[in-house]
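Working through the structure, step by step
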Amino acid sequence: GSPRPGELVEITGASNTGKSLLLLELATSLILPVTCGGSERKVLLLDCESTFDESIMLALMEKGILNNAIPALARTLDTQQIERIQREALERLFVFPCYSREMLSVGWHYLDVELFPNYAAIEYVLLDSIFTFSCHKPTGRHVMDIRQYLRSCYRTYRRRAKMWRKVVIYTKPAYSPDVQEFDPDGSPTPEDILAERAARKRCRRKHAKNLNFPVRYRIELSLTNPPPIAENDEEDVDDDDDRRYTALITNRRYRRYRRQRLKRLFYLIDDFGFNWIEQQE
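Going by the annotation in an unreviewed UniProt entry, the name recorded for the protein is Putative dna repair protein member of the reca/rad51 family, with Anopheles marajoara given as the source organism.

Pasting the structure below:
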């Protein structure tokens, strides 16, 4: 089922796996009307990464309208009608850019009905990302500071979600303190990816209480197939090759610590957003 008011949903994954894009996809499905496959809800987007692009949002909305419109509406769709639906849907989206931790705190106060009664109908809060204003860089020297910061953010967001009865969906990088960073001058090799996965598996139990929060739903994004390797340094790898990703959705039942796997989805990222290609229950 869908998350209830007061619950948290976490989108986590490595860099370039589509966390911010998935957040925009969710925002699109929430603000679109029911006749176009949406939920017609009001959404507050706290943009800490400056990833919101109205042109991308319009493209995602157009894809949702064309693919999910009911038959009676699909037969009469034209350019003007699509633009009208997009304008009406964007009126249900409130974007608040955050360039500092103080601005992020101000953005949360938009949920206070007494201060901002016009925002009382907001049901979902989308945050990209929880890791933006961390105090220190993820080095071995400052690992504990980052964990404390993330735990503090989680407690704050959980308290505000319950207080204002909102569903909070946030993104978080898949960070592990025992994993070395990739070479910034080049793309990660398959050996680097395998080494990273092995290191994460070794330290998963050790750092589970510090890095994983008991959220209601967690969506873990990861790269399924490693990027191709050029045979020599002079040969360039085509960046347009399809990269296959996987999204693992788990939930946490009430009064239980263990998580239950709901489904595993496979997808590609193209010019039109997420392209779901397989599904396994």
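Right, let's talk about the overall build of the protein for a bit. Check the secondary structure of the protein and you find 8 helices and 9 strands. Taken across its 281 residues, the protein has 42% of its residues classed as buried. Total accessible area on the protein stands at roughly 16600 Å², and carbon and sulfur atoms take up 48% of it.

With 12 residues, helix α4 (residues 79-90) should cover 16 Å at 1.5 Å per step; its first-to-last C-alpha distance of 17 Å lies within 8% of that length. By the burial criterion, the buried members of α4 are Gln81, Ile82, Ile85, Gln86 and Ala89. Taken down its axis, α4 places every buried residue within 140° of arc, on the same side. In α4, the exposed positions angled more than 90 degrees off the buried face are occupied by Thr79, Gln80 and Arg87. Of the surrounding elements, those touching the buried residues of α4 are α1 (19-31), α2 (54-68), α3 (71-74) and β3 (93-97).

Right, let's get into α1. Because each turn of an α-helix spans 3.6 residues, side chains separated by three or four positions end up pointing in the same direction. A rise of 1.5 Å per residue sets the reference length of α1, with its 13 residues, at 18 Å; its end C-alpha atoms lie 19 Å apart and thus fit the reference within 8%. Burial analysis of α1 places 10 of its 13 residues in the buried class, which makes it a mostly covered element. Buried within α1 are the following residues: Lys19, Leu21, Leu22, Leu23, Leu24, Glu25, Ala27, Thr28, Leu30 and Ile31.

In this approach the atoms are scanned with a rolling probe the size of a water molecule, which exposes any empty space left behind. A volume near 820 Å³ is recorded for the second largest pocket. Along the walls of the second largest pocket sit 29 residues, with Leu22, Glu25, Leu26, Ser29 and Trp276 positioned nearest its centre. Contributing elements (two or more residues each) for the lining of the second largest pocket: α1, α2, β6 (217-223), β7 (245-252), β8 (259-270) and β9 (273-280). Per-element tally for the lining of the second largest pocket: the top contributor is α1, with 6 residues. Looking at the lining of the second largest pocket residue by residue, the classes come out as 18 nonpolar, 8 polar and 3 charged.

Within this structure, the stated rule accounts for 5 salt bridges. The partner of Glu7 in a salt bridge is Arg216, and the shortest N-O contact between them spans 3.4 Å. Separated by 209 residues along the polypeptide, Glu7 in the segment before β1 (8-13) and Arg216 in the loop between α8 (208-211) and β6 bring together distant segments of the chain. In this structure, Glu7 and Arg216 share a single accessibility class: buried. Here Glu10 ties to Arg218 by a salt bridge, and the two come within 2.8 Å at their closest N and O atoms. On the criterion of sequence distance, the pair formed by Glu10 in strand β1 and Arg218 in strand β6 is long-range, its members being 208 residues apart.

The rules behind the values
Residues numbered from 1 in each chain as written. Predicted model: local features only at pLDDT ≥ 70, side-chain atom pairs only at ≥ 80, totals over all residues. Heavy atoms only, no water. Helix = DSSP H or I, 4+ residues; strand = E, 2+ residues; numbered from the N terminus. Buried < 20%, exposed > 50% of the residue type's maximum accessible area, 1.4 Å probe, protein only. Areas by Shrake-Rupley, 256 points an atom, 1.4 Å probe, with all protein chains shown as cover. Expected span 1.5 Å × (residues − 1). Arc of directions from axis to C-beta. Contact = heavy atoms within 4.5 Å. 1 Å grid on protein atoms, 1.4 Å probe; cavity = no way out; pocket = protein on both sides within 12 Å on 5 of 7 lines; lining within 4 Å. Points joined across faces, edges and corners; volume = space filled by probe spheres on them. Nonpolar A, V, L, I, M, F, W, Y, C, P; charged D, E, K, R; others polar. Salt bridge = Lys/Arg side-chain N within 4 Å of Asp/Glu carboxyl O.

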